[in-house]
6 protein chains.
Amino acid sequence: MSDDAQAGSQGLTHLDAQGHAHMVDVSEKAITRREAVAEAFITIAPDVLALIASGETPKGDVLATARIAGIMGAKRTSDLIPLCHPLPLSSVKVTLDIQKSGIAISARARTTGQTGIEMEALTAVSVAALTLYDMCKALDRGMVIGDIRLAHKSGGRSGVYDRPADA
Amino acid sequence: MSDDAQAGSQGLTHLDAQGHAHMVDVSEKAITRREAVAEAFITIAPDVLALIASGETPKGDVLATARIAGIMGAKRTSDLIPLCHPLPLSSVKVTLDIQKSGIAISARARTTGQTGIEMEALTAVSVAALTLYDMCKALDRGMVIGDIRLAHKSGGRSGVYDRPADA
Amino acid sequence: MSDDAQAGSQGLTHLDAQGHAHMVDVSEKAITRREAVAEAFITIAPDVLALIASGETPKGDVLATARIAGIMGAKRTSDLIPLCHPLPLSSVKVTLDIQKSGIAISARARTTGQTGIEMEALTAVSVAALTLYDMCKALDRGMVIGDIRLAHKSGGRSGVYDRPADA
Amino acid sequence: MSDDAQAGSQGLTHLDAQGHAHMVDVSEKAITRREAVAEAFITIAPDVLALIASGETPKGDVLATARIAGIMGAKRTSDLIPLCHPLPLSSVKVTLDIQKSGIAISARARTTGQTGIEMEALTAVSVAALTLYDMCKALDRGMVIGDIRLAHKSGGRSGVYDRPADA
Amino acid sequence: MSDDAQAGSQGLTHLDAQGHAHMVDVSEKAITRREAVAEAFITIAPDVLALIASGETPKGDVLATARIAGIMGAKRTSDLIPLCHPLPLSSVKVTLDIQKSGIAISARARTTGQTGIEMEALTAVSVAALTLYDMCKALDRGMVIGDIRLAHKSGGRSGVYDRPADA
Amino acid sequence: MSDDAQAGSQGLTHLDAQGHAHMVDVSEKAITRREAVAEAFITIAPDVLALIASGETPKGDVLATARIAGIMGAKRTSDLIPLCHPLPLSSVKVTLDIQKSGIAISARARTTGQTGIEMEALTAVSVAALTLYDMCKALDRGMVIGDIRLAHKSGGRSGVYDRPADA
């Protein structure tokens with residue numbers, strides 16, 4: 001059952017009975033430990049990817065910059081997403097994995113609070129991907145950011161969610 | 001030739017000779033009128049999509065919320081992307097198009113300045129997509145945001161760029 | 001008795017004994033569920049008001065933009081008001097009512113915390129009003145925003161406050 | 001004629017032909033020196049007003065805090081008002097005048113740019129008023145903020161505007 | 001023993017096993033009342049210092065502006081310091097003391113949370129010092145900000161820390 | 001002659017005739033290319049310094065995090081310093097140099113605008129230093145940040161300033 005189970009019958013929880021956007025009331029929800037993992041992928045031309053992967057220091061700074069931007073982006077989530085509740089993040093970790101056709105990005109966020117932390121994890125991977133785009137855009141304008149999605153979620157009434165393997 | 005043409009030989013422009021991240025110097029660049037168009041797509045389950053599309057007011061607020069979040073996100077670009085220059089945006093427009101399997105998002109940003117405005121357009125579509133995700137996530141956890149890419153760019157030394165049709 | 005009852009004898013609670021501004025210490029206060037409702041009114045010329053009220057889509061976006069700005073403004077309260085404590089908002093709802101001479105704005109904010117949430121509700125109506133002003137200012141420069149006030153407050157030591165009907 | 005004169009016939013300039021909110025394009029506008037003066041008034045109970053007015057240091061800090069909050073608020077205008085363009089403020093001055101029934105607030109903002117600066121001046125007085133409210137709210141919950149309006153505007157195609165004396 | 005005692009053997013806690021920056025997980029830590037006091041000193045030329053110290057109102061506004069900037073800076077700490085957790089500040093107090101060769105700055109911050117509040121106190125004194133610099137820089141370019149350090153800390157596993165007198 | 005030469009006789013430029021803080025009017029100033037270099041030093045215990053200096057990846061991320069925080073901090077300067085004008089930064093570069101007793105930090109900022117850019121350079125070194133403190137504080141609580149000062153400045157009416165060698 002969904003964490004926002006009332007949505008099942010009523011439809012979109014972020015709209016009230018008149019269809020107006022509001023920040024849903026979470027004051028009755030239990031305070032539980034929550035975790036979310038999100039993913040993204042950015043395709044990058046092989047020669048640019050090679051530039052990032054080779055050489056010790058440049059690699060450090062390109063990837064470090066993206067990791068830090070993702071972490072800082074997670075902290076700005078409720079500033080960016082209009083109906084998102086502010087949450088006290090207890091940890092964020094952004095992982096970057098250079099693959100054949102681009103870089104796989106993953107973010108794991110944790111909190112102890114009354115509402116889920118998916119948006120923080122999704123914002124972290126999005127901002128990390130945009131930062132990689134920014135750093136490589138002078139060399140490759142054909143980059144595409146995609147596969148931004150929730151991989152895992154736990155905590156709250158809805159229990160554990162794991163993305164189906166074939167999704 | 002690239003707007004940051006010196007990158008062609010040196011590699012990643014956002015790293016200095018030691019491989020350290022820095023905000024590149026644009027003070028010698030000409031002030032020109034610049035435009036960028038970016039795109040994204042979010043897949044949404046058909047029944048949730050139907051909920052957004054049907055009914056007058058809810059549709060207004062869901063899509064309006066995403067449009068506004070995208071516009072406001074564009075204004076926060078240089079706060080989010082570490083090495084991005086602050087730019088005086090002269091216009092931002094976010095367009096949402098409900099399609100069979102999801103919503104196509106497009107953003108056009110304009111400025112008159114010394115550096116390109118791609119990141120603002122890309123940030124606008126990313127934040128609009130994340131906002132749609134947030135508003136629908138109680139109904140569909142399988143949504144995927146993808147195809148975030150630059151469609152068009154003009155202004156600056158590099159001239160006009162249009163994404164190849166088959167890319 | 002006031003939530004900051006010690007102010008009764010000492011005067012302004014946000015000043016210390018030397019008259020210097022400081023953020024008052026709330027660490028001894030109980031964590032309680034708190035709610036505040038604030039109101040505002042913006043006078044708008046009848047023909048402009050008619051433009052907002054008539055037509056389905058424009059109405060949606062003008063009012064939706066103001067509602068969302070109010071909600072996002074509430075989340076920025078402690079960034080704007082120097083001595084205001086950061087608070088974990090558990091819900092915000094902004095309501096707009098088109099009346100004969102303008103638009104009545106109301107905001108209800110809730111939290112579970114150690115200090116009151118009036119400023120968040122007051123900031124929400126103020127930012128919503130400023131946003132309406134911004135969207136209509138090309139048509140009417142004589143708009144006036146007024147009647148920004150607290151309508152209701154509950155939670156904390158001071159108990160329930162309801163604005164007297166004739167105030 | 002309005003600075004956004006095309007609005008005269010088309011209606012609300014912040015909505016496009018489909019009624020969707022967008023940030024209007026100012027890239028064709030001339031860069032001119034622009035100024036705006038906005039006003040507000042906050043009614044405060046006489047005994048609280050006396051506390052603010054009497055005593056040297058407290059007065060300094062209450063009024064100084066409100067002045068600084070107003071100036072800083074002006075700098076955040078485009079973060080708060082969704083369709084407002086970011087502007088390079090060249091000066092902001094907030095003036096507070098203790099009167100019989102409250103405090104009159106005035107803000108003058110200047111810029112050299114492509115769009116008007118009314119919203120910065122209006123945001124300055126609004127944030128200054130909210131800050132006074134915050135500092136006095138433990139002593140007086142009946143305060144009302146009102147008369148937030150544009151007093152003067154110059155620069156841009158629309159020329160000089162001065163609020164009619166009887167408005 | 002340190003609050004982050006595991007660091008003793010492992011080294012830098014903000015880096016994971018691969019040496020990548022992350023926001024450390026505090027979700028297992030106890031929620032305790034925490035306090036930190038930080039200090040700074042800014043040297044200012046005697047004649048400029050005399051200008052600040054003499055005259056009632058100017059003194060009020062220069063020092064008030066720095067105090068308020070310090071308080072507001074403390075609230076922005078987790079926005080500025082990449083790996084810093086957001087914390088619900090329960091109080092901040094900034095104290096300025098005009099001395100013979102400059103101004104001594106002190107900040108005391110308190111919270112009830114899962115992680116320490118040193119960075120908020122250190123950010124408060126740093127921003128207050130930078131604000132004093134900004135206000136005096138037209139008269140004295142030789143100012144130096146120094147002695148930014150932790151004076152006291154309590155709460156959390158590591159217990160009380162007081163800076164050695166001779167440090 | 002000072003860039004704010006009128007300050008010579010009048011005293012503190014950020015206060016008006018009544019001693020009230022305001023953002024000084026720069027609209028009459030010429031738009032010139034401006035540069036500022038600021039410095040800071042953070043003392044760190046030798047064993048912690050060795051941890052940062054040794055090992056390839058950790059070093060990359062600790063120093064990269066501080067560099068990026070400094071750059072991003074420079075972009076937030078006018079948000080943090082109450083009377084500071086917003087400026088379109090055209091470049092920022094933060095340099096870290098591991099020395100015997102700590103890390104020397106330097107930042108060079110450039111803009112083309114109507115007012116100086118010292119505060120951006122000083123904010124960059126301050127935030128970079130605070131970030132180093134944050135990352136090392138579990139290992140060394142005795143760190144001291146100092147010697148935050150302007151090393152060089154050019155552009156504007158006041159011409160070139162270079163800090164005297166013995167200052």
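Just so it is clear, the model here is predicted, and its values are computed rather than measured. (Residues numbered from 1 in each chain as written. Chains lettered and ligands numbered in written order. Predicted model: local features only at pLDDT ≥ 70, side-chain atom pairs only at ≥ 80, totals over all residues. Heavy atoms only, no water.)

Novice: It is not clear to me how the overall build of chain A should be interpreted in this structure. Could you clarify?
Specialist: In terms of regular secondary structure, chain A is built from five helices and five strands. When the elements of chain A are put in sequence order from the N terminus, they spell out α-β-α-α-α-β-β-α-β-β. The buried share of chain A, reckoned over its 167 residues, is 67%. Contacts in chain A between residues far apart in sequence, at least 24 positions, make up 69% of those at least 6 positions apart. Of the roughly 5500 Å² of accessible surface on chain A, 52% is carried by carbon and sulfur atoms. (Helix = DSSP H or I, 4+ residues; strand = E, 2+ residues; numbered from the N terminus. Buried < 20%, exposed > 50% of the residue type's maximum accessible area, 1.4 Å probe, protein only. Contact = heavy atoms within 4.5 Å. Areas by Shrake-Rupley, 256 points an atom, 1.4 Å probe, with all protein chains shown as cover.)

Novice: Where do I start with the interface of chain F and chain E in this structure?
Specialist: By a widespread convention, an interface's size corresponds to the accessible area lost as its parts come together. Residue-level contacts link 58 residues of chain F with 58 residues of chain E. Contact between chain F and chain E buries roughly 4900 Å² in total, counting both sides, with carbon and sulfur atoms accounting for 68%. The largest share of the area that chain F buries against chain E comes from F:Leu12, F:Leu130 and F:Arg141, three residues that together contribute 15% of it. Inspection of the chain F/chain E interface yields zero salt bridges. Linking chain F with chain E are 12 residue pairs in polar contact (both at pLDDT 80 or more), by the criterion used here. Examining the composition of the side of chain F that touches chain E, we find that 12 residues originate from one element, helix α5 (residues 118-136) of chain F, more than from any other. For the side of chain F that touches chain E, the residue count by class is 29 nonpolar, 16 polar and 13 charged. (Buried area = accessible area lost by both parts, 1.4 Å probe. Salt bridge = Lys/Arg side-chain N within 4 Å of Asp/Glu carboxyl O. Polar contact = N/O pair within 3.5 Å; in protein donor to acceptor, adjacent residues only side chain to side chain. Nonpolar A, V, L, I, M, F, W, Y, C, P; charged D, E, K, R; others polar.)

Novice: Mind showing me how you'd approach the interface of chain F and chain B here?
Specialist: Each partner contributes residues to the interface: chain F has 15 residues there, and chain B has 19 residues. Both sides together, the interface formed by chain F and chain B hides about 1500 Å², and carbon and sulfur atoms give 51% of it. We note a salt bridge from B:Glu28 to F:Arg33, for which the minimum N-O separation is 2.7 Å. Inspection of the chain F/chain B interface yields 12 residue pairs in polar contact (both at pLDDT 80 or more). Looking at the side of chain F that touches chain B residue by residue, the classes come out as six nonpolar, three polar and six charged.

Novice: Any chance you could explain the packing of helix α5 (residues 118-136) of chain C against helix α5 (residues 118-136) of chain D here in plain terms?
Specialist: Packed helices, taken two at a time, are described by their axes: the angle between them and the distance between them. At a minimum axis distance of 11 Å, the contact between α5(C) and α5(D) shows a crossing angle of 165°. Overall, the two elements α5(C) and α5(D) adopt an arrangement that is roughly antiparallel. In this structure, α5(C) meets α5(D) at a crossing whose hand is right-handed. Contacts between α5(C) and α5(D) involve C:Met119, C:Leu122, C:Thr123, C:Ser126, C:Leu130, C:Tyr133 and C:Asp134 from the former and D:Met119, D:Leu122, D:Thr123, D:Ser126, D:Leu130, D:Tyr133 and D:Asp134 from the latter. Its residues assigned to classes, the contact of α5(C) with α5(D) shows eight nonpolar, four polar and two charged. (Axes fitted to C-alpha atoms, helices over the stretch in contact; angles between N-to-C directions. Parallel < 35°, antiparallel > 145°, perpendicular 65-115°, else oblique. Left-handed = near helix turned anticlockwise from the far one by under 90°.)

Novice: How do you make sense of the UniProt feature "active site" (unreviewed entry) in chain A when you look at a structure like this?
Specialist: As recorded in UniProt, the feature "active site" (unreviewed entry) lies at A:Asp134. Its location among the elements puts A:Asp134 in helix α5 (residues 118-136). (UniProt positions renumbered as here; feature names shortened; annotations may be inferred.)

Novice: Where do I start with the relation of the copies chain F and chain E in this structure?
Specialist: Here two copies of a chain appear, and what relates them is a rotation about an axis with a shift along it. Superposing chain F onto chain E takes a rotation of 180° plus a shift of 0.0 Å along the axis, which leaves an RMSD of 0.0 Å. In short, the pair behaves as if placed about a two-fold rotation axis. Of the C-alpha atoms belonging to chain F, the one lying closest to the rotation axis is found on F:Gly146, 1.8 Å away. Both copies share a contact surface, since 100% of the interface residues of chain F are interface residues in chain E too. (Least-squares fit on C-alpha atoms with pLDDT ≥ 70 in both.)

Novice: It is not clear to me how the relation of the copies chain F and chain B should be interpreted in this structure. Could you clarify?
Specialist: If you rotate chain F by 120° and push it 0.0 Å along the axis, it lands on chain B with an RMSD of 0.0 Å. The superposition of one copy onto the other is thereby described by a three-fold rotation axis. When C-alpha distances to the rotation axis are compared across chain F, the minimum falls at F:Pro88, with a value of 4.7 Å.

Novice: I would appreciate a short explanation of the side chain of E:Ser27 in the present structure.
Specialist: Among the secondary structure elements, E:Ser27 is positioned in the loop between α1 (7-10) and β1 (32-43). Under the relative-accessibility criterion, E:Ser27 is labelled buried at 5%. Filtering out sequence-adjacent residues up to four positions away, E:Ser27 remains in contact with A:Arg33, A:Ser90, A:Thr112 and E:Gln114.

Novice: Explain the packing of aromatic side chains here, please?
Specialist: The geometry of an aromatic ring pair comes down to the distance between the two centres and the angle between the two planes. One pass over the full model with this rule turns up zero aromatic pairs over all chains. Sitting over the ring of C:Tyr161, D:Arg141 keeps its end group 5.5 Å from the ring centre. (Phe/Tyr/Trp six-rings, centres within 6.5 Å; stacked < 30°, edge-to-face > 60°. Lys NZ or Arg CZ within 6 Å of the ring centre and 35° of its normal.)

Novice: Explain the pairing of strand β2 (residues 89-98) of chain E here, please?
Specialist: It is a general feature of regular strands that their side chains alternate between the two faces of the sheet. Residue and element names in this part refer to chain E. Of the strand pairs in this sheet, β2 and strand β3 (residues 102-113) are connected by nine bridges, and their pairing is antiparallel. By the bridge assignment for β3, Lys-93 is matched with Arg-108. Between β2 and the antiparallel strand that follows it, β3, lie three residues. (Pairing = 2+ DSSP bridges.)

Novice: Would you mind going over α5(F) with me for this structure?
Specialist: The periodicity of an α-helix, 3.6 residues per turn, causes residues three or four positions apart to be oriented the same way. Given a rise of 1.5 Å per residue, 19 residues ought to cover 27 Å, and the 27 Å separating the end C-alpha atoms of α5(F) matches this to within 8%. Summarising burial for α5(F): 19 of the 19 residues are buried, a large majority. (Expected span 1.5 Å × (residues − 1).)

Novice: Just to check I follow, could you spell out the pattern of salt bridges for this structure?
Specialist: Side chains that differ in sign of charge can pair as their charged atoms come close. Applying the stated criterion across every chain yields a total of 54 salt bridges over all chains. With its nearest N and O atoms 2.3 Å apart, the salt bridge here joins C:Lys93 to A:Asp16. In this pair, C:Lys93 is assigned in strand β2 (residues 89-98) and A:Asp16 in the loop between α1 (7-10) and β1 (32-43), connecting two distinct chains. Relative accessible area serves as the criterion here: at 21%, C:Lys93 is assigned to the partly exposed category. Here the residues in one salt-bridge network are A:Arg76, A:Asp79, C:Arg76, C:Asp79, E:Arg76 and E:Asp79, joined through shared partners.

Novice: I keep staring at the nonpolar core and nothing clicks. Help me out?
Specialist: A general tendency of soluble globular proteins is for nonpolar side chains to be buried together. Counting 310 residues, the largest nonpolar core has A:Ile105, B:Ile105, C:Ile105, D:Ile105, E:Ile105 and F:Ile105 as the members making the most contacts within it. Contact partners of F:Ile105, with chain neighbours within four places excluded, come to F:Ala38, F:Glu39, F:Ala40, F:Ile42, F:Val94, F:Thr95, F:Leu96, F:Val125, F:Ala128, F:Ala129 and F:Leu132. (Core = buried A, V, L, I, M, F, W, Y, C linked by side-chain atoms within 4.5 Å.)

Novice: Explanation requested: the pairing of strand β3 (residues 102-113) of chain D in the structure shown.
Specialist: With 12 bridges connecting them, strand β1 (residues 32-43) of chain D and β3(D) associate as antiparallel partners. Looking at the pairing, D:Ala40 lines up with D:Ile105 of β3(D).

Novice: Honestly, unusual backbone geometry in this entry has me stumped. Any pointers?
Specialist: Excluding glycine, residues mostly have negative phi values, and the peptide bonds linking residues are mostly trans. Residues and elements named next belong to chain D. Although it is not a glycine, Asp-147 adopts a positive phi angle of roughly 55°. With respect to the secondary-structure elements, Asp-147 resides in strand β4 (residues 144-154). Classification of Asp-147 by relative accessible area gives partly exposed; the value is 40%.

Novice: Any chance you could explain the environment of E:Ile117 here in plain terms?
Specialist: All names here are of chain E. Structurally, the position occupied by Ile-117 is in the loop between β3 and α5 (118-136). As for Ile-117 and Gly-11, which are separated by 106 residues in sequence, their C-alpha atoms are 21 Å apart. The residues contacting Ile-117, other than those within four sequence positions of it, are Arg-34, Glu-35, Ala-36, Leu-87, Leu-89, Ala-109, Arg-110 and Thr-111.

Novice: It is not clear to me how the confidence of the model for chain A should be interpreted in this structure. Could you clarify?
Specialist: Predicted coordinates in regions of low pLDDT should not be interpreted in detail. Residues and elements named next belong to chain A. Overall, the prediction assigns chain A a mean pLDDT of 87, with 89% of residues at 70 or greater. Taken together, the stretch residues 1-10 has pLDDT below 50 and engages in 21 contacts with residues farther than four places along the chain or on a different chain. As scored by the predictor, the complex reaches a pTM of 0.93 and an ipTM of 0.92. (pLDDT = per-residue confidence, 0-100.)

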